[in-house]
Amino acid sequence: MKFTKRKPPLLQYTLLLLASMMLCSQIASALESKEEQAPGRSMAQQATKSKKLWRTTDHSKHEILQQDFKSGEQVTQACISCHSEAEKQFHKTIHWTWLADPSEKKQEYGKAGNSLNNFCISTNKNADASCLACHPGWGTSKESPVNCLVCHSQTSMNFDEAMTDIQGFIEEGDEESLEMASEIQAELRDAAQNIGLPARKNCGSCHFYGGGGDGVKHGDLDTSLAKPSKTLDVHMGVDGQDFTCTRCHTTTLHNISGRVYTRPAATDRKSLVEDDLTTKITCESCHTAQPHKGGKKMNEHTDKVACQSCHISEFARVNPTKMSWDWAQSGKLKNGKKYKTKDDFGKYDYMSIKGQMKWAKNVEPDYFWYNGVIKSVTAKDKIDPSGIVKVSWPVGERNDTDSRIYPFKVHMGNQPYDKINQTLLMPLLSSKKGYWDHLNWIEALTVGQESMGLPFSGEFDFVETSYVFPITHMVAPKDQTLSCSECHSKSDSRLANLTGFYMPGRDGSRLLNYAGWGVVLANLVGVLIHALGRIFSRNNGRNKKE
């Protein structure tokens, strides 16, 4: 009996061929993507690959945290009964003292010192109680114990309000009040047991609201970063890397890296690849100084251009930010009463107690040379009121190897100054003696300067000012980075204000252009002459043969 082999059907061959092609395509694609990935991205993945946090304690099991707390001090004492050195460490940090650069004792830089700004102006050395709402103690007193829960509790709660209510209900003493106190104590107990590293909501509870409201101050820090998408920030996006603030702002003995007052972020540009103990705060820390693919022109920019300049093309991309504040317009009344008006963003653009304000969204940054240091005017420094007074400004220049072209928000102001002493003034704003209560500038300035221990001549006017904020957050995806032409352009270049050096595409010389075109024309004429010579010589050769 003869057996004949059955030939596989054509469809089977076809499917097998297609499957092989798809597999080869996927392998090639994987190899290609791995090969084409920028080294800086690979290094960043290596530097941040481990997200697992090792916990060695469960705070809910600590007996001392299971009590009914009756004061903020009791909470703090419970924390430091284990974390014995934490409060001592924190008392030395800028987050507690609000003072910076201890070497400059005469100037006393910082919110609790002689530093000022052109939005809320000053804390009047903490005499302004409204400013102390962000101080990490209990209540509005710097003499209180540290409130550890502000930074470490993973439960959202107004701790000061809760403690005030508990004390009030206990004092009332009736059954219903004591029951309400017990309910709040239970919530506070849960908050004290649910402890972890600071999350975005912890940091944002103050930093998102700096300057007196959501997005007022920085422009790249507001509540849109509480749960951002990766299109808003590729690092913090909840659908992407989902980094917390402490992922980059690393901490040593409760000192948070990234301050510009004491140790600038750019002091040590080493990457973690070079030194795994380096402070992780600059882009180079994870991405190295050669973040792009080999041979890419962008790698030649990193010694002069900050990564942020290309990767943050706009700030305030979701919520608006305040761009100017004119205190000279404050004090107006309607029907004898203070009033407010709102703009198209739903933000207050006029308030009797604050004056005229302007907000903006999707703002293009200003660009300056910056080496990581910001200088500022204090209440003791003389000013020149004939022009715009720079209250703060970035330090840097083109020939400085530490300087990079960096993006900034520039906030414009109009604020009071002493016409005789030629200094900026620090009015007291909140409280019964403050300007917001009585709208009397002389009274507010007198009390404010007294709180500072500084003179006031009694004669004042308003002067235009500027104040800078480095833009470091809201890093956009790579497909939303700046194109080359946005800087290298003769018209509308983003870097038009940076002069003193030659930039291709932006700068040019007529003489050089004419010389260049002359060379091109001479070459063209030479080519034509050569071509004509070849043609004539060819014809002459043919004629001789004939």
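Here is what the cut-offs are and how they apply
- Residues numbered from 1 in each chain as written.
- Predicted model: local features only at pLDDT ≥ 70, side-chain atom pairs only at ≥ 80, totals over all residues.
- Heavy atoms only, no water.
- Helix = DSSP H or I, 4+ residues; strand = E, 2+ residues; numbered from the N terminus.
- Buried < 20%, exposed > 50% of the residue type's maximum accessible area, 1.4 Å probe, protein only.
- Polar contact = N/O pair within 3.5 Å; in protein donor to acceptor, adjacent residues only side chain to side chain.
- Patch = residues over 30% accessible without salt bridge, like charges linked within 9 Å, V, L, I, M, F, W, Y side chains within 5 Å.
- Areas by Shrake-Rupley, 256 points an atom, 1.4 Å probe, with all protein chains shown as cover.
- Salt bridge = Lys/Arg side-chain N within 4 Å of Asp/Glu carboxyl O.
- Axes fitted to C-alpha atoms, helices over the stretch in contact; angles between N-to-C directions.
- Parallel < 35°, antiparallel > 145°, perpendicular 65-115°, else oblique.
- Left-handed = near helix turned anticlockwise from the far one by under 90°.
- Contact = heavy atoms within 4.5 Å.
- Nonpolar A, V, L, I, M, F, W, Y, C, P; charged D, E, K, R; others polar.
- Lys, Arg positive; Asp, Glu negative; His and termini not counted.
- Charge placed at Lys NZ, Arg CZ, Asp CG, Glu CD.
- Expected span 1.5 Å × (residues − 1).
- Arc of directions from axis to C-beta.
- Core = buried A, V, L, I, M, F, W, Y, C linked by side-chain atoms within 4.5 Å.

On to unusual backbone geometry. Even without being glycine, Ile121 reaches a positive phi, approximately 75°. Take Ile121: it is sitting in the loop between α5 (94–97) and α6 (148–152). Its relative accessible area of 0% is what places Ile121 among the buried residues. Its identity is not glycine, yet Lys125 carries a phi of approximately 50°, on the positive side. When you line up the elements, Lys125 lands in the loop between α5 and α6.

Of note, Asn118 is situated in the loop between α5 and α6. In this structure Asn118 comes out as buried when scored by relative accessible area, which is 0%. Considered as a pair, Asn118 and Met412 are 294 residues apart in the sequence and their alpha carbons are 7.3 Å apart. Polar contacts involving the side chain of Asn118 include one to the side chain of His411, which spans 2.9 Å. Within the local environment of Asn118, its side chain forms a polar contact with the side chain of Thr465, the two groups lying 3.3 Å apart.

A cluster of nonpolar side chains, Leu521, Leu524, Val525, Leu528 and Ile529, forms an exposed patch at the surface whose accessible area comes to about 480 Å². By secondary structure assignment, the location of Leu521 is in helix α14 (residues 510–545). Judged by its relative accessible area of 52%, Leu521 is exposed.

As a further point, take the packing of helix α7 (residues 159–172) against helix α8 (residues 175–193). At a minimum axis distance of 8 Å, the contact between α7 and α8 shows a crossing angle of 150°. Of the possible angle classes, the one that applies to α7 and α8 is roughly antiparallel. In terms of crossing hand, the pair formed by α7 and α8 is left-handed. In this structure, α7 uses Phe159, Ala162, Met163, Asp165, Ile166, Phe169, Ile170 and Glu172 to contact α8, whose residues at the interface are Ser177, Leu178, Met180, Ala181, Ile184, Gln185, Leu188 and Ala191. Taken together, the residues of the contact of α7 with α8 break down into 12 nonpolar, two polar and two charged.

Taken together, Glu171, Glu172, Asp174, Glu175, Glu176, Glu179, Glu183, Glu187 and Asp190 make up a surface patch of like negative charges. If you list the elements that add at least two residues to the negative patch, you get α7 and α8. With six residues, α8 is the single largest residue contributor to the negative patch. Accessibility expressed as a relative area gives 57% for Glu176, which makes it exposed.

For helix α13 (residues 441–452), spanning 12 residues, the distance from its first C-alpha to its last is 16 Å, which sits close to the expected 16 Å at 1.5 Å a residue. Considered for burial, the residues of α13 that qualify are Trp441, Ala444, Leu445, Gly448, Gln449 and Met452. Projection of α13 onto a plane perpendicular to its axis shows the buried side chains occupying an angular sector of 120°, all on one side. At its buried positions, α13 is contacted by β11 (404–418), α12 (435–438) and β13 (460–470). If you check the start of α13, you find a side-chain oxygen 3.1 Å away from the backbone N of Ile442, and it comes from Asn440.

Time to look at the nonpolar core. Trp327, Ile383 and Leu424 are the most contacted members of the largest nonpolar core, which totals 33 residues. Elements represented by at least two residues in this core include exactly β6 (355–360), α13 and β13. Among all residues touching Ile383, those that are not within four sequence positions of it are Val377, Val389, Tyr417, Gln422, Thr423, Leu424 and Val463. Trp138, Leu149, Met163 and Ile184 belong to the second largest nonpolar core, which has 16 residues in total.

Let us now look at the environment of Ile195. In this structure, Ile195 sits in the loop between α8 and α9 (200–207). You can call Ile195 partly exposed: its relative accessible area is 21%. For the pair Ile195 and Ser60, spaced 135 residues apart in sequence, the C-alpha separation works out to 8.9 Å. Not counting residues within four places of it along the chain, the set of residues in contact with Ile195 comprises Arg55, His59, Leu149, His152, Ser153 and Gln154.

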